[in-house]
Amino acid sequence: MAIMTIRDAILQTLHAEMERDPDILLLGEDVVGGNGTAGGPEAIGGIWGTSGGLYAKFGPDRVIDTPISESAIVGAAAGAALAGKRPVAELMFADFVGVSLDQIWNQIAKFRYMFGGKTRCPAVIRLVYGAGMNTAAQHSQSVYAMLTAMPGLKVVLPATPADAKGLLTEALRGDDPVMFFEHKTLYGVKGEVPDGDHRQRFGEARMVREGGDATIVTCGRMVNFSEKAADKLAADGIGCDVIDLRTTSPLDEEAILDSVEATGRLVVVDESPPRCSLAADICALVATKAFSSLKAPPELVTGPHSPIPFARELERAWVPSPQKIEAAVRRVLAAG
Amino acid sequence: MAIMTIRDAILQTLHAEMERDPDILLLGEDVVGGNGTAGGPEAIGGIWGTSGGLYAKFGPDRVIDTPISESAIVGAAAGAALAGKRPVAELMFADFVGVSLDQIWNQIAKFRYMFGGKTRCPAVIRLVYGAGMNTAAQHSQSVYAMLTAMPGLKVVLPATPADAKGLLTEALRGDDPVMFFEHKTLYGVKGEVPDGDHRQRFGEARMVREGGDATIVTCGRMVNFSEKAADKLAADGIGCDVIDLRTTSPLDEEAILDSVEATGRLVVVDESPPRCSLAADICALVATKAFSSLKAPPELVTGPHSPIPFARELERAWVPSPQKIEAAVRRVLAAG
Amino acid sequence: MQLSREELVGAYRRMATIRQFEERLHEEIKTGEIAGFTHLYAGQEAVAVGICDQLSVEDMIVSTHRGHGHCIAKGCDVKAMMQEIFGRAGGTCKGRGGSMHIADLSVGMLGANGIVGGGAPQAVGAALAARLDGKGRVAIAFSGDGACNQGTTFEAMNMAVVTKAPAIFVFENNHYSEHTGDAYAVGTARDIASRAEAFGMKAWRANGCDYFDTYETMRELLDHVRAGNGPAAIELDTERFFGHFEGDPQRYRGKGELDRIREERDCLKAFRAKVAEAKLLDPADLDAVDAEVAALIEAAVVEARAAPAPDPATVADDVYVDYY
Amino acid sequence: MQLSREELVGAYRRMATIRQFEERLHEEIKTGEIAGFTHLYAGQEAVAVGICDQLSVEDMIVSTHRGHGHCIAKGCDVKAMMQEIFGRAGGTCKGRGGSMHIADLSVGMLGANGIVGGGAPQAVGAALAARLDGKGRVAIAFSGDGACNQGTTFEAMNMAVVTKAPAIFVFENNHYSEHTGDAYAVGTARDIASRAEAFGMKAWRANGCDYFDTYETMRELLDHVRAGNGPAAIELDTERFFGHFEGDPQRYRGKGELDRIREERDCLKAFRAKVAEAKLLDPADLDAVDAEVAALIEAAVVEARAAPAPDPATVADDVYVDYY
Ligand SMILES: Cc1ncc(C[n+]2csc(CCOP(=O)(O)OP(=O)(O)O)c2C)c(N)n1
Ligand SMILES: Cc1ncc(C[n+]2csc(CCOP(=O)(O)OP(=O)(O)O)c2C)c(N)n1
Ligand SMILES: [Mg+2]
Ligand SMILES: [Mg+2]
């Protein structure tokens, strides 16, 4: 076990897997950096620091700087995957799904089905997402609900360094397309990471803590916020089950339903506007499949139905906070 | 009152509104047709027959054939709207949101908010959507949930000729961007259309029928399927409230909650895969806001978590059917 | 011309197969048995065959909504294709894809595509994959004169140049995107090829209604790309014999246009004339090929019509390799 | 050169305002008070000002992530901009947008844009809108050498040519897209302008570090577009004096590059030298302008720092004009 950041867990996993599997190639803007400049290509390692040293080690055929052309980046990943490789494409911001959605949604996600189950498209798209850095409306979004809705994709959101390694390794060894979400505020989060081979199976939620009084279902940055809320509540003798989904597609329905069957109280925390969200999805799952266990109306803690604002005070008001989560838990406990 | 098809209701509304308001312009692929050919521009009226005669009447500056460049089509609508016009842009298939999402999601939807509430972007995007014509995975999708999730957009889905006129008129006179969904199998549906000025306010659902035993919430083509199911059930003495949402953003929460409060039974019918869907959204609304009225777990009737297949037998199995709706209603009545 | 007798007969057979496949579909669609959109390739056979005849099975192509010709030229099974278009369980894609989504990776056919411009970036990725293997394989994107205006196509050309990928952009200019002429929709000082040149790749032009011109020009191009010079483009002047989709009234055509192009721009007629003139093949040999092909197509239709539909219970299969 | 004394002083004032605005932000950002991403425009002032000086308030521009210069040149209020960048309620966008999303429709500034390539299609639409009014207005899209590779930019150029829209594509080639050089990322036989030419529009080239060259070249271009000849493009060779965003270590720069461009390619220095040489303005006049501008910027920062933050309770306002 080594202690490292999520950033380093991702970088080291890329190093290890690219060494192991010569079919892996990496594509993205500035994943090398310095190409075509006096400074020269020098593996600045992407603006997020998750590709340092790869170019030096694996060379220009496997680590490829691209122009600002996200459709072509994702489309190239699609084609490389059909051609038998394992491309990893980086979207510098998940918001750039806007300029590349077709290749994700109508191409990568649908190939296998449209082609009668006879093809594989193991492309891994890395998407840097989330609010918290005041990057405003076009650089802060949590795009996972949109992609979770799309049959054919797997959607993965590590919240710890160990899961970053385990889930990325799993993505790179699996045979389906994976949308790998990296929260920009979590890169610096440190934690223990298992040495050697470490795969985290998809569709297996992480029970962050067990409390028994209420169930908090969440993912990404909101796991930590939910823990903070749970700490506060614990001080008052209220115990929460906190479930980190790890992957939203496939979804660990069992973990959610089991917990709600025990607690009868559901709070879903989702860094996203409310409509047709993951929060709504989880709520609907519980309402349809664990209805009789519910002792109170579920609470959804999301952002408002608005774009994400720039100013610190506004962004803070937009993002679900530990305080709001805590209040929601108290409401589900007070009701019913 | 004249009897006409949805196709004609849309076409006539475009004629009437373009006559009334010189700021309206229309953009799209083949909305004129024949440009640059020996046959010459001749207002073939788009492949859906919803723009015939507009070019002849309003000329090339207001009725504009475009290259196959959906990002530029929607982006041009965005720019024209900021510049004070009322552009109507046609996406020949709603699936082409894939190649134009950024302009819808990160531009049109966000301008007003990002710019501090000081701008208007009254662009109307017409999207031809839905399964039922065996157009397979890339030409059959119901994209409304994705767009309903996006703050800043209004999402409109007429299911009758009267609503096609009323909602399109409202879209063209309002000041916000509107995603106007036209179901490809509904163009030929006939019905009465009010003469003269007819505006249908957004956020006002249509109570298609009242029955009192169970609530069916739906929209688009599924309204008709739900009515068929309700007819069958009525024969057995089971009365359904059938609610046609008309607009999913804004959403008529009151109509839904009122009905469920009376019936205690909810079935949502949604021509879409299940995850993070409109069905889940409506279910979550009811579970959080009318929990105590619910007498049974809600039922969601959607397509499966798969792309839409081509072959007749498969497409029919994919799309929610009157039979499945009927069965779902019987289940919510049997439960709880 | 260095083609052997056998190669010539093969080329003719492939072109005739496409032609008869499409002519027959044109008839079958009228019966109402075939669902969805069908875009026929007839008229453009010399392009698909003139190009694919020089590819190995390891070379890859990505196709368009008008993909039947590319599929047949690259070696997809004609009977399975027919079943697919009929929506049968035994189709190339088990009836899930239909006319617009035929793929067979085992012959290097990476997929038809219902999204105009969807394929071009994929060819760049396939080309980058090919380069990694170092076996000199190439990847080809077929695009129409309409698709050449989609942003993805431009991005792909630029990215191919930047990454020096062995990608080839084939622009089949049949002069129409749906009901709009290339004279309107393609903004350019000269032609589509010149736009590719402006991206910094070498581009060729050929008569896409002439197998031999297409073949020869493409040979030069392939030599250039296989030699490691990065991507290249070719624009082919060609004709589509039917409507955009089946059912299209084609009001955009000039008076007598269809008759004229069938008379003057038929690649099969031209092929026959050339090989006869050069005394390379006997017309009777080609008649025999026509007959063979007719039998194949007839059998394909008969089998497709009789073949079982997909089982509705399988509707949600084949989405993932595994989903847990 | 037919510019009046007053015009010259105005041009210098606008360029100096941009420069001092950016130099000051560079300092303020170090204090940690300014949140988010800030991309500074310093070095490129001659482009924004040389172009916008010839536009009326009715002409429209769409800008980029590096938009401060375009905003100031087009007439946005400097103090409101400063408040916006500081995230204050009194900012141009009430603190909702920040550096990357400043817009002021009242002066024809249709918006900065965080999406690279997002603006180009919008300029085409604005140009089509302008044409409808028949007043000879134009719409301009500013794009970088990085943005010129985004599919939207290509689509926009093609659509502008096809629709003959009075749209102008301004390519500010500062030779970097983030940390990558144009020599790598822009695939082209010649330059960015030549790609625009291949789309069938006339394109110009100018020295974007020289106000006068930019101005004169743009005048020709504007005459061409206002005369109804459809769209046009211009590529400007320019320099960015700071990093891509504040905080960028700029390891891609050559040794001494920053010193050299500040010495040899500073548009303000060049402007001063030219007007002095031609005896059009006195250095003292320009010093006075510098002092005025310094006072303005100081006041803007002082006010912004003291200004109230937005009320968190308003977070979900301003999404719709009305929502029912
Ligand atoms: C992104 C996208 N836009 C529009 C369409 C609708 N469409 C299908 S084919 C076609 C015309 C294509 O023209 P071209 O590329 O010249 O190919 P051709 O049909 O001539 O073979 C259009 C507009 C589509 N399928 N995808
Ligand atoms: C669609 C999209 N892709 C990537 C980015 C990240 N990004 C922001 S600025 C930039 C470089 C832009 O380069 P250029 O167009 O030359 O403008 P400059 O920064 O030089 O002014 C990149 C890659 C983005 N904002 N939007
Ligand atoms: Mg064509
Ligand atoms: Mg640049």
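Residues numbered from 1 in each chain as written. Chains lettered and ligands numbered in written order. Predicted model: local features only at pLDDT ≥ 70, side-chain atom pairs only at ≥ 80, totals over all residues. Heavy atoms only, no water.

(A) Focus on the site of ligand 1. Taken together, 22 residues form the shell around ligand 1, and within it Glu70(B), His65(C), Arg66(C), Gly114(C) and Gly146(C) come nearest. Ligand 1 sits at a junction of chains, with neighbouring residues supplied by chains B and C. Here an oxygen atom of ligand 1 and a backbone polar atom of Gly146(C) are 2.8 Å apart. Bound to the protein, ligand 1 loses 96% of the 580 Å² it would expose on its own. Along the lines of polarity and charge, the residues of the shell around ligand 1 split into eight nonpolar, nine polar and five charged. (Near = heavy atom within 4 Å. Polar contact = N/O pair within 3.5 Å; in protein donor to acceptor, adjacent residues only side chain to side chain. Areas by Shrake-Rupley, 256 points an atom, 1.4 Å probe, with all protein chains shown as cover. Nonpolar A, V, L, I, M, F, W, Y, C, P; charged D, E, K, R; others polar.)

(B) Spatial organisation of the site of ligand 2. Around ligand 2, 22 residues are found, and the nearest of them are Glu70(A), His65(D), Arg66(D), Gly114(D) and Gly146(D). Surrounding ligand 2 are residues belonging to chains A and D, so the site spans chains. Glu70(A) is positioned with one of its side-chain polar atoms (N or O) 2.5 Å from a nitrogen atom of ligand 2. Within the contact set of ligand 2, an oxygen atom lies 2.8 Å away from a side-chain nitrogen or oxygen of Asp145(D). Summarising the interface, the protein chains cover 97% of the accessible area of ligand 2, which totals 580 Å² for the free molecule. Tallied by class, the residues present in the shell around ligand 2 amount to eight nonpolar, nine polar and five charged.

(C) Up close: the interface of chain B and chain A. With 50 residues of chain B at the interface, the matching set in chain A holds 50 residues. Here chain B meets chain A over a buried area of about 4,100 Å², counting both sides, of which 68% is carbon and sulfur. The largest per-residue losses of area from chain B upon contact with chain A belong to Arg275(B), Cys276(B) and Phe291(B), which jointly make up 17% of the total buried on that side. Joining chain B to chain A, the criterion identifies two salt bridges. Its salt-bridge partner being Asp281(B), residue Arg275(A) comes within 2.8 Å of it at the nearest N-O pair. On the surface where chain B and chain A come into contact, there are 18 residue pairs in polar contact (both at pLDDT 80 or more). Every element with two or more residues in the side of chain B that touches chain A is listed here: helix H4 (101–108), helix H5 (111–114), helix H6 (144–148), strand S12 (247–249) and helix H10 (278–289) of chain B. Counting residues per element, the side of chain B that touches chain A draws most heavily on H10(B), at seven residues. For the side of chain B that touches chain A, the class distribution of residues is 31 nonpolar, 13 polar and six charged. (Contact = heavy atoms within 4.5 Å. Buried area = accessible area lost by both parts, 1.4 Å probe. Salt bridge = Lys/Arg side-chain N within 4 Å of Asp/Glu carboxyl O. Helix = DSSP H or I, 4+ residues; strand = E, 2+ residues; numbered from the N terminus.)

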